[in-house]
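Structure at a glance
What follows is each chain in one-letter form.
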Amino acid sequence: MIRALAHAVGLLVLGIAAVSGRETALVEGEPGVELIEGYLEAVGASGDLSEDAAEGLKKIYQTALKELGKGQEARDAEKVFLAQSESAPGELVRIKEEMAQLEARIESGELVGADERTAAASDRQSLLQSEEAELIRVEGELREVSVELSEAAVRPVKIPEESSRQQEKLTLLEGAAFPDSDESPLDVPFAERVLNEARIQALRSHLLALEAERVGWAQRKEVIKARKEFLEKQVSFKNARVAVLRGLVREEAAILADKAIAAAEVADGAGQQDLAEELRRVARDLDEATKNQVEVEARLADYRRRLADVEREYGLVLRQTGTDGGEGMSAQILMDQHQALPEPMLIERELHLQNSAYSKVRLARLNVERQLAGISGEVEEGAPQAVLQGGLAELERQYSSLVLKHGELQLVGQRYLRKVKAFDEVLRENLFWVRSSPPFGLDTLRGLPDGFQWLFAPARWQDLNKGFVATLREHSVRLSIAGVLILGLILIRRRLRRRMDAHLDYIRTVRSDSFRYTLEAIVIVALMALPLALVFWVFGRQLLYHPNISEWTQGFSQGVKNMSLQIFFLMAVREFCRAGGMGDAHLRIRKETLAMVRRGVTAFMWVYVPAWIIQAMVFAERSGYHVHSLGRVVFLCAMAWFLFWVSRLFHPERGAFAEQIKREPDGLLSRLRWIWFPALLLVPVSLMVLAVTGYFVTALLLAPYIHRTIFIVVLCVLIYALLLRWFRIRERKLALERLLAERQARRE
């Protein structure tokens, strides 16, 4: 009903406009939304227009409606900016009053009141937790105000440029020539004139909004500066207040620890040895919990600082690289940012260690709660039992606080990890086609002696040995289980090979041949390839999570861990190509081809795997001093070795497929050999050219795609060969059944 009434009103307006010969709002340059909706209704109700003409008019009027919507948004923004300008003086006065009150409190030196000092331990702990939460809130507000102040410094500079562009558009539109005639709304010139007026109206509104924004920022900037100054003082005051409260809590814990030691001596004198030992343990736990509080608080503050730094740098890079409309950033700055950014793997290691500490604290709190629940009945004040009960209660509060802080530490750490990963992805995207280092030259070679000295320094290998020994001591049970598993896989290798050789007796004859032997062979190949890869993974992972290792050892352990998957793949290919193995017995691949691939993979591993471990070590160095010398030379050597073996294995006349190409000269592989062979050689050559010309990071980012591509190609070829074997088995069995049926028929 309401829609029908609106349609009728629109048509009535159009009728009045037709009688008067001109639309009044259009002459004034302010077309309304209702009028344009009426035009759309008229277009829809007209039966004289073709379908294409009606659609064209509708698009013009709908565009005009969108322009009017933009104008309305601009007017709403103008109201907001004007309101901010009006409220700015009052807000500035309020901030100054709050600043005066805070300065008066700071000058009085009263960080903690007398009632707060004499409060009960539990109340003081609750007060400390609330003050810490308030400090976090104020610090977050300070970061937001800092970002807003940065915007206040940048945005007013851009407003005149934007206003100039909008004014140029407005001048062009106002100068557009539209015939002043009495056309119908169903005519295209009339619709285009309506659209032009709508755009003019939107641009005028936008210009007014920009002017209001300029004035608003001028006044708002002073408010933001005052607000930032107030928040900085408030953060300083809150930090001092929290430090005093923490000192009071620790002082209370120290007093209780001293009382527990004194009570233990009393219990010893009374012959209560068990009670004395329990009191001493509580005293030790209180001291240890206090130290843990200090460490967790320091680590939490460090994580918050690092998170704020990463968020600030991340926002700067986004603005400067064009993601947020910036104007670009030099390659050297991006490279420095990438070098300074911590490895996500190291942050995960830290979080893993903190999670272990978190679990220990939770377990300790549960034990204390059970001990408290076991103390029953009233005890005399000052007696050893009363001191034990008070010490356990304080220890329970300390552990509860530690649990909360560890939980908060995990949350902040996870936020930091996500932000670092996002920042790393942005930096990689911007460094992808950026010259990240100078071209290869004499300076690159001059850095090699220093790089090799850094790589083979005895002190670094001694640090690696110390880290390995410490890891064995700390994770002896876990490493023992892994060692037993690896040793078991090594011991059953002969049995697995005998099992693989036994398949020959079954797959030679049609009756006994089955695809399950091939599936079993795949499992055997995987098990035989697993031990060395498992050694790499376990050694690298456990050493990487050790807390006290150098950057060199971190890079080594990370490289070893990262290469475990490649080791597994290469070892599986070696076992696949073994004489009498899966490729020979099951898939009937030529022995010469398998032998060539096996020799190539073995030689390839001896150079390629150490090269990528060295790359990880070089990039783990925060300074990045050896990246462009030692790192680049090692990368070029690895690519050259890769090129050498690719050219040997895939050569059309001497490679692994040479016999098949000769046997099938009209086959697809033979006819396209002058395309696929140069393309294979071009891949490592292209990466070498990129590294030599200075696009080293680009080459490093592209290199993992080679590994994935090779893995996918080999997997597809294996699946294709397995399908062929399955069809071949089925075909042979069906052929045998037909022969047996024919023989039986002849006998009958």
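Starting from 1, residues in each chain are numbered consecutively following that chain's sequence as written. Only residues with pLDDT of at least 70 get local features here, since the model is predicted, and only at 80 or more are side-chain atom pairs given and counted; chain-wide, interface and lining totals rely on the full set of residues. Only heavy atoms go into the side-chain values, all of them from the structure, while hydrogens and water stay out.

1. Here we look at the nonpolar core
The tendency in soluble globular proteins is for nonpolar side chains to be buried as a group. Note on terminology: a nonpolar core comprises buried Ala, Val, Leu, Ile, Met, Phe, Trp, Tyr and Cys residues joined through side-chain atoms within 4.5 Å. Residue burial is assigned from relative accessible area. The probe radius is 1.4 Å, only protein chains are included, and a residue is buried under 20% of its type maximum, exposed over 50%, and partly exposed in between. By size, the foremost hydrophobic cluster in this structure holds 64 residues, and its most contacted members are Trp612, Ile613, Phe635 and Leu687. The residues contacting Trp612, other than those within four sequence positions of it, are Met563, Phe635, Met639, Leu700, Ala703 and His707. Formed by 46 residues, the second largest nonpolar core is a distinct cluster that contains Val310, Val361, Leu431 and Val697. Contact between two residues is taken to exist if any of their heavy atoms lie within 4.5 Å; hydrogens are not considered.

2. Digging into the pattern of salt bridges
Salt bridge, as applied in this entry: a Lys or Arg side-chain nitrogen positioned within 4 Å of an Asp or Glu carboxyl oxygen. In total, this model carries 27 salt bridges according to the counting rule given. The salt bridge involving Asp285 is made with Arg281; its shortest N-O contact spans 2.7 Å. In this pair, Asp285 and Arg281 are both assigned in helix 8 (residues 273–320), 4 residues apart and thus about one turn of the helix distant. Overall, Asp285 belongs to the buried group, its relative accessible area being 18%. Where Glu520 meets Arg499, a salt bridge forms, and the shortest distance between an N and an O atom there is 2.5 Å. Taken as a pair, Glu520 in helix 17 (residues 515–544) and Arg499 in helix 16 (residues 493–507) lie far apart in primary sequence, 21 residues in all. Classification of Glu520 as partly exposed rests on a relative accessible area of 21%. Linked through salt bridges whose partners overlap, the residues forming this network are Arg94, Glu98, Glu134, Arg137, Glu141 and Arg227. Strands here are runs of E lasting at least two residues and helices are runs of H or I lasting at least four, both read from the DSSP assignment and numbered beginning at the N terminus.

3. Description of the side chain of Glu297
Here Glu297 is to be found in helix 8. Under the relative-accessibility criterion, Glu297 is labelled buried at 10%. Every residue in contact with Glu297, bar those within four places of it in the chain, is listed here: Glu132, Arg246, Arg250 and Lys405.

4. Regarding the confidence of the model for the protein chain
In this model, the protein chain carries an average pLDDT of 79, and 89% of its residues clear a pLDDT of 70 or more. Ranking the elements of the protein chain by mean pLDDT puts helix 1 (residues 2–20) last, at 34, and helix 19 (residues 564–576) first, at 91. The pLDDT score gives, residue by residue, the confidence of the prediction method on a 0 to 100 scale. Low confidence marks residues 1–29, where pLDDT is under 50. Its contacts with residues over four positions away, or in another chain, come to 26 contacts. Contacts of residues 323–328 to residues separated by more than four positions or lying in other chains number 11 contacts, the stretch itself having pLDDT below 50.

5. A word on helix 26 (residues 696–747)
A helix is expected to span 1.5 Å for every residue after the first. Compared with the 76 Å implied by 1.5 Å per residue over 52 residues, the 77 Å span of helix 26 between its first and last C-alpha is a close match. Listed in full, the buried residues belonging to helix 26 are Phe696, Val697, Thr698, Ala699, Leu700, Leu701, Ala703, Ile706, His707, Leu722, Arg725 and Ile729.

6. Regarding the packing of helix 17 against helix 26
Every axis corresponds to a line fitted to the C-alpha atoms, with the helix fit spanning only the stretch in contact, and the corresponding angles, defined between N-to-C directions, vary from 0 to 180 degrees. Relative to each other, helix 17 and helix 26 sit at 155°, their axes nearing to 10 Å. Classed by the angle they form, the pair helix 17 and helix 26 counts as roughly antiparallel. Of the residues in helix 26, those touching helix 17 at Phe515, Thr518 and Ile522 are Leu722, Arg725, Trp726 and Ile729. The nonpolar class holds Ala, Val, Leu, Ile, Met, Phe, Trp, Tyr, Cys and Pro. Asp, Glu, Lys and Arg form the charged class, and all remaining residues, Gly among them, are polar. Of the residues that constitute the contact of helix 17 with helix 26, the class distribution is 5 nonpolar, 1 polar and 1 charged. Under this scheme an angle from 65 to 115 degrees is roughly perpendicular, one under 35 degrees roughly parallel, and one over 145 degrees roughly antiparallel; angles in between are oblique.

7. Some details on a positive patch on the surface
Grouping into patches uses exposed residues only, defined as over 30% relative accessible area, and leaves out salt-bridged ones; the cut-off is 9 Å for like charges and 5 Å for nonpolar side chains (Val, Leu, Ile, Met, Phe, Trp, Tyr). Accessible surface is estimated by sampling points in the Shrake-Rupley manner with a 1.4 Å probe; for residues, cover comes only from the protein chains shown. When charges are counted, Lys and Arg contribute as positive and Asp and Glu as negative, whereas His and the chain ends are disregarded. Every charge is mapped onto a representative atom, which is NZ of Lys, CZ of Arg, CG of Asp or CD of Glu. The grouping of Arg511, Arg743, Arg746 and Arg747 at the surface amounts to a positive patch. Considering the arrangement of structural elements, one finds Arg743 in helix 26.

8. A closer look at the packing of aromatic side chains
Classification of ring pairs uses Phe, Tyr and Trp, with its six-membered ring standing for Trp, and accepts pairs whose centres are within 6.5 Å; under 30 degrees between planes counts as stacked, over 60 as edge-to-face, and the remaining range as tilted. Scanning the entire structure with this criterion turns up 22 aromatic pairs. A centroid spacing of 6.0 Å and a plane angle of 65° characterise the contact between Tyr608 and Trp612, whose relative ring orientation is edge-to-face. A residue pair is termed a helical-turn pair when its members lie 3 or 4 positions apart in one helix, as Tyr608 and Trp612 do in helix 21 (residues 591–620) at 4 residues. The class of Tyr608 is buried, set by a relative accessible area of 4%. In this structure Trp612 comes out as buried when scored by relative accessible area, which is 14%.

9. Points about the packing of helix 17 against helix 19
In the contact formed by helix 17 and helix 19, the axes pass within 8 Å of each other and the chain directions differ by 150°. Taken together, the axis directions place helix 17 and helix 19 in an arrangement best described as roughly antiparallel. Judged by the sense of rotation from one axis to the other, the crossing of helix 17 with helix 19 is right-handed. In this structure, helix 17 uses Val525, Ala526, Met528, Ala529, Leu530, Leu532, Ala533, Phe536 and Trp537 to contact helix 19, whose residues at the interface are Ser564, Ile567, Phe568, Met571, Ala572, Glu575 and Phe576. Of the residues assigned to the contact of helix 17 with helix 19, the class counts are 14 nonpolar, 1 polar and 1 charged. For any helix crossing, the convention is left-handed if the near helix is rotated counterclockwise from the far helix by under a right angle, and right-handed if that rotation is clockwise.

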